[in-house]
Amino acid sequence: MQREASRARCFDQALAQVQRLWIAGDYASADDAARRAASLMSPLTPTSDVLRYHLFSVLTQGRLKSSNIGTTNLHCAELRRLASAASASASVVAELAAAVNERCAGQTLVALASLERAYDNAAQLGQHWIAAVAAEEAALAASQAWLHTAVVHYRRLALTSYKRSGVAGRVDMLTSEWGCVDSFLAADAASDSALRRKARAEEIELSIAHEMNQPLAAIALHAAAAHKWLCRAEPNVERALKSLHSISEAGTQAGEIVRSVKRLATHEENQAESVDVDQAIVDVMCMLECNLRQHDIRTKLELNSGSAQIQADRVQLKQVITNLVMNSIEALSGDQRLPGTRHIIVGTSGVKGEQIEITVEDNGPGVEPTHRDLIFSGRFTTKAGNSGLGLPICLAIIHSHHGTIVFEPQDPHGARFRIRFPIDRLQ
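Residues numbered from 1 in each chain as written. Predicted model: local features only at pLDDT ≥ 70, side-chain atom pairs only at ≥ 80, totals over all residues. Heavy atoms only, no water.

1. Focus on the pairing of strand β7 (residues 415–422)
1) Next: Across the eight residues of β7, six count as buried, placing the element largely inside the fold.
2) Next: Bridge analysis of strand β5 (residues 355–362) against β7 gives eight bridges, and the strand direction is antiparallel. Looking across to β7, one finds that D362 is bridged to A415.
3) Next: One ladder, built from six bridges, connects strand β6 (residues 404–409) with β7; its direction is antiparallel. Looking at the pairing, P409 lines up with A415 of β7.
4) Next: As consecutive antiparallel partners, β6 and β7 are separated by five residues, and within that stretch G414 has a phi angle of approximately 125 degrees, a positive value. (Buried < 20%, exposed > 50% of the residue type's maximum accessible area, 1.4 Å probe, protein only. Helix = DSSP H or I, 4+ residues; strand = E, 2+ residues; numbered from the N terminus. Pairing = 2+ DSSP bridges.)

2. Notes on the nonpolar core
1) Next: One finds W22, L55, L96, W129, I130 and Y162 to be the most contacted residues of the largest nonpolar core, which totals 57 residues.
2) Next: If one sorts the elements of this core by residue count, helix α7 (residues 128–144) sits on top with eleven residues.
3) Next: Among residues more than four places away in sequence, those in contact with I130 are L55, V92, V93, L96 and A122.
4) Next: With 39 residues, the next largest nonpolar core counts A280, A308, L317 and A415 among its residues. (Core = buried A, V, L, I, M, F, W, Y, C linked by side-chain atoms within 4.5 Å. Contact = heavy atoms within 4.5 Å.)

3. Structural notes on the side chain of S328
1) Next: Here S328 lies in helix α15 (residues 314–333).
2) Next: Residue S328 is classed as buried on the basis of its relative accessible area of 3%.
3) Next: Beyond its immediate chain neighbours, meaning those up to four positions away, S328 contacts I344, V360 and D362.

4. Comments concerning the side chain of E361
1) Next: In this fold, E361 is placed in strand β5.
2) Next: A distance of 3.1 Å separates a polar atom in the side chain of E361 from a polar atom in the side chain of R416.
3) Next: Discounting chain neighbours no more than four positions away, the residues touching E361 are H343, I344, I345, Q410, A415 and R416. (Polar contact = N/O pair within 3.5 Å; in protein donor to acceptor, adjacent residues only side chain to side chain.)

5. Details of the sheet that holds β7
1) Next: The five strands are arranged β2-β4-β5-β7-β6 in an open sheet whose pairing can be described as mixed. Two strands bound the open sheet, and with one partner strand each, they are β2 (298–303) and β6. With strand direction ignored, the average angle separating the axes of adjacent strands in the sheet is 15 degrees.
2) Next: Of the strands in this sheet, β2, β4 (343–351) and β5 are in contact with helix α13 (residues 277–287), which crosses β2 at around 170 degrees. (Axes fitted to C-alpha atoms, helices over the stretch in contact; angles between N-to-C directions.)

6. Some thoughts on a nonpolar patch on the surface
1) Next: Together, L230, V237, L241 and L244 line one region of the surface with nonpolar side chains, adding up to about 360 Å² of accessible area.
2) Next: Ranked by the residues each element gives to the nonpolar patch, the list is headed by helix α12 (residues 237–265), at three residues.
3) Next: By the element assignment, L241 lies in helix α12. (Patch = residues over 30% accessible without salt bridge, like charges linked within 9 Å, V, L, I, M, F, W, Y side chains within 5 Å. Areas by Shrake-Rupley, 256 points an atom, 1.4 Å probe, with all protein chains shown as cover. Salt bridge = Lys/Arg side-chain N within 4 Å of Asp/Glu carboxyl O.)

7. Observations concerning the packing of aromatic side chains
1) Next: Enumeration according to the criterion identifies five aromatic pairs in this entry.
2) Next: Ring centres of F56 and W129 lie 5.3 Å apart, and the angle between their planes is 45 degrees; this geometry places the pair in the tilted category. Of this pair, F56 sits in helix α3 (residues 47–61) while W129 sits in helix α7, placing them 73 residues apart in sequence.
3) Next: Since its relative accessible area comes to 19%, W129 is described here as buried.
4) Next: Three or more aromatic residues link up through ring pairs in this structure, and these residues are W22, Y27, F56 and W129.
5) Next: Sitting over the face of the ring of W22, R170 holds its NZ or CZ atom 3.7 Å from the ring centroid.
6) Next: Sitting over the ring of W229, K228 keeps its end group 4.5 Å from the ring centre. (Phe/Tyr/Trp six-rings, centres within 6.5 Å; stacked < 30°, edge-to-face > 60°. Lys NZ or Arg CZ within 6 Å of the ring centre and 35° of its normal.)

8. As for α15
1) Next: Taking 1.5 Å per residue as the helical rise, α15 with its 20 residues ought to reach 28 Å, and the 28 Å between its terminal C-alpha atoms agrees with that figure.
2) Next: In terms of burial, α15 is a largely internal element, 15 of the 20 residues being buried.
3) Next: The N-terminus of α15 is capped by D313, whose side-chain oxygen sits 3.1 Å from the backbone nitrogen of V315. (Expected span 1.5 Å × (residues − 1).)

9. Let's talk about the confidence of the model for the protein
1) Next: Looking at the protein as a whole, its pLDDT mean stands at 77, while 78% of the residues score no less than 70.
2) Next: For the protein, helix α10 (residues 182–185) is the element with the lowest average pLDDT, namely 46, and β2 is the one with the highest, namely 92.
3) Next: The low-confidence segment residues 181–204, where pLDDT is below 50, has 26 contacts with residues more than four positions distant or belonging to other chains. (pLDDT = per-residue confidence, 0-100.)

Structural data, given as structure tokens:
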């Protein structure tokens, strides 16, 4: 009995050390202390202490650069087992640990939603310390997803909740890392507004830079084509004029894109008009003809909407189609190991008389399963030199038109994006 009591005291000390080190931000030492605590646990260790051990093990692993997903999975499984036979508080702990594990596995947006639920549930139960940890982890996930305004919001929640739970050490550590606590807890409306304006300006800047790539590339390609047609032994003036006309169209499109991105970023009203979806797709494919020919990519149009008209911002609708087709071109041209003919299929159809659907499909390498939850996140990309803004811009435009977009993997490889607009947007 004395030996068991001594073991229990040592476990308590080791677990307390894990908490102190984690609160101080010394995650490597906290991980070492957690290993010592694990060696001191016994079947007689109280469930509440076991819950704390597994939670801090996940939280510590979540902050290490070389976190072990297999280990955190085991901790989460044990927390779920304990929670099933324990209190609501234990369930919140298990929920928080699972969300941290999702963030570590790269499922940032999924983790963010789970962390918000954990925060709400903990706050309702008066578990302010757990709520604080959930908010802090949410701030980290939002930062990884480049959601700048959300980062400030979650940091404020975390600091407020830590103060309520009396964990001054963690408040001091985070204040040192994030900046003066007053900038989050006592910032006035003008300060918040300035932060939002700065973040918005950065987003507009990056979005315009991203969206201008295509028309500028088109201008360069058509200029080279015009030069080629005019420098032949027998100049082909007709083809050169066609290329010059395409340059003019690309220049006009560049100006429209700048205005469109500004409207989108500043939440101005869309310049809605009656748009023939099939014709918009034909226009985009004509504009991208040089890119497609340059990479030897076949295209097929399956336009079965009956030239349906929708109320939409014409420029923004074309931006969505252009971004998706350009993604397919980049995917197909970036992997020389792809067998057979490379193709892109763009289609339209009506759905039960209630929606209009646009699909963009390719037989490229597709999207890795671990990345599928991240592709609509701000600045997520697996391509060197790519900003990762194309799909988030598509998502924002589609949502502003009350539509939806989903990704579907293709068999044996490839990607399909399916966009739907509700019938109440149709004339």
